[in-house]
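Each chain, written out:
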Amino acid sequence: KLSTQGMRLVLPALLKGLDEVAWRTKQGSVQLLGTMAYCAPKQLGACLPTIVPKIGYVLKDPHPRVQEAAKNALREIGSVIKNPEIAQIAQQLLSALADPSTGIKP
């Protein structure tokens, strides 16, 4: 379990890690964000408006391991969603974030 105070201390460092040039730093940061979905789902839920766009940006990273880690993190975050309306469409939302070109009709 991660307390609210612990989340406030850890989150800025992880978000900063997503902006790093080194792919391993990005990969590690995004993996930890995904893991936090299980450790502190309530605290993470409050930060989703900040976290999800940053992970969405990392999905476009040129390194395939960073991209895969971002997809996994989004899946992990999506798996702990309790809101039934959002839970029903969570997979579609995550797929759209991962690949916005899918499902677009000409």
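Residues numbered from 1 in each chain as written. Predicted model: local features only at pLDDT ≥ 70, side-chain atom pairs only at ≥ 80, totals over all residues. Heavy atoms only, no water.

## Quick look at the overall build of the protein
Turning to step 1, where the next piece is worked out: A count of helices and strands for the protein gives 5 helices and 0 strands.
Turning to step 2, where the next piece is worked out: In sequence order, the secondary structure elements of the protein are arranged as α-α-α-α-α.
Turning to step 3, where the next piece is worked out: Over its C-alpha trace the protein gives a radius of gyration of 14 Å, about what one expects of a compact globule, namely 13 Å for 106 residues.
Turning to step 4, where the next piece is worked out: Counting only C-alpha atoms, the protein reaches 45 × 35 × 15 Å along its principal axes.
Turning to step 5, where the next piece is worked out: Entry remark: accessible area of the protein is about 6800 Å², with carbon and sulfur atoms responsible for 60%.
Turning to step 6, where the next piece is worked out: The protein carries 13 positive and 7 negative side-chain charges, and their two centres are separated by 4 Å. (Helix = DSSP H or I, 4+ residues; strand = E, 2+ residues; numbered from the N terminus. Rg over C-alpha atoms; globule rule 2.2 N^0.38 Å. Areas by Shrake-Rupley, 256 points an atom, 1.4 Å probe, with all protein chains shown as cover. Lys, Arg positive; Asp, Glu negative; His and termini not counted. Charge placed at Lys NZ, Arg CZ, Asp CG, Glu CD.)

## What to know about the packing of helix H2 (residues 23–39) against helix H4 (residues 64–79)
Turning to step 1, where the next piece is worked out: Between H2 and H4, whose axes approach to 8 Å, the crossing angle comes to 10°. Between H2 and H4, the angle is such that the two are roughly parallel. In this structure, H2 uses Trp 23, Lys 26, Gln 27, Val 30, Gln 31, Leu 33, Gly 34, Thr 35, Ala 37 and Tyr 38 to contact H4, whose residues at the interface are Arg 65, Val 66, Ala 69, Ala 70, Ala 73, Glu 76, Ile 77 and Ser 79.
Turning to step 2, where the next piece is worked out: For the contact of H2 with H4, a count of residues per class yields 10 nonpolar, 5 polar and 3 charged. (Axes fitted to C-alpha atoms, helices over the stretch in contact; angles between N-to-C directions. Parallel < 35°, antiparallel > 145°, perpendicular 65-115°, else oblique. Contact = heavy atoms within 4.5 Å. Nonpolar A, V, L, I, M, F, W, Y, C, P; charged D, E, K, R; others polar.)

## Points about the side chain of Gln 27
Turning to step 1, where the next piece is worked out: You can see Gln 27 is positioned in helix H2.
Turning to step 2, where the next piece is worked out: Judged by relative accessible area, Gln 27 falls into the buried class, the value being 16%.
Turning to step 3, where the next piece is worked out: Setting aside chain neighbours within four positions, we find Gln 27 in contact with Arg 65, Val 66 and Ala 69. (Buried < 20%, exposed > 50% of the residue type's maximum accessible area, 1.4 Å probe, protein only.)

## Concerning the layout of surface pockets
Turning to step 1, where the next piece is worked out: The volume enclosed by the largest pocket comes to roughly 230 Å³.
Turning to step 2, where the next piece is worked out: In this structure, the largest pocket is lined by Pro 41, Lys 42, Leu 44, Gly 45, Leu 48, Ile 77, Val 80, Ile 81, Lys 82, Asn 83 and Ile 86.
Turning to step 3, where the next piece is worked out: Per element, the largest residue contribution to the lining of the largest pocket is 5 residues, and it comes from helix H3 (residues 41–58).
Turning to step 4, where the next piece is worked out: Residue composition of the lining of the largest pocket, grouped by class: 7 nonpolar, 2 polar and 2 charged.
Turning to step 5, where the next piece is worked out: Counted as a void, the second largest pocket has a volume near 180 Å³.
Turning to step 6, where the next piece is worked out: At 5 residues, helix H5 (residues 84–98) tops the list of elements feeding residues into the lining of the second largest pocket.
Turning to step 7, where the next piece is worked out: Residues belonging to the lining of the second largest pocket are distributed by class as follows: 11 nonpolar, 1 polar and no charged. (1 Å grid on protein atoms, 1.4 Å probe; cavity = no way out; pocket = protein on both sides within 12 Å on 5 of 7 lines; lining within 4 Å. Points joined across faces, edges and corners; volume = space filled by probe spheres on them.)

Geometry only, nothing functional implied.
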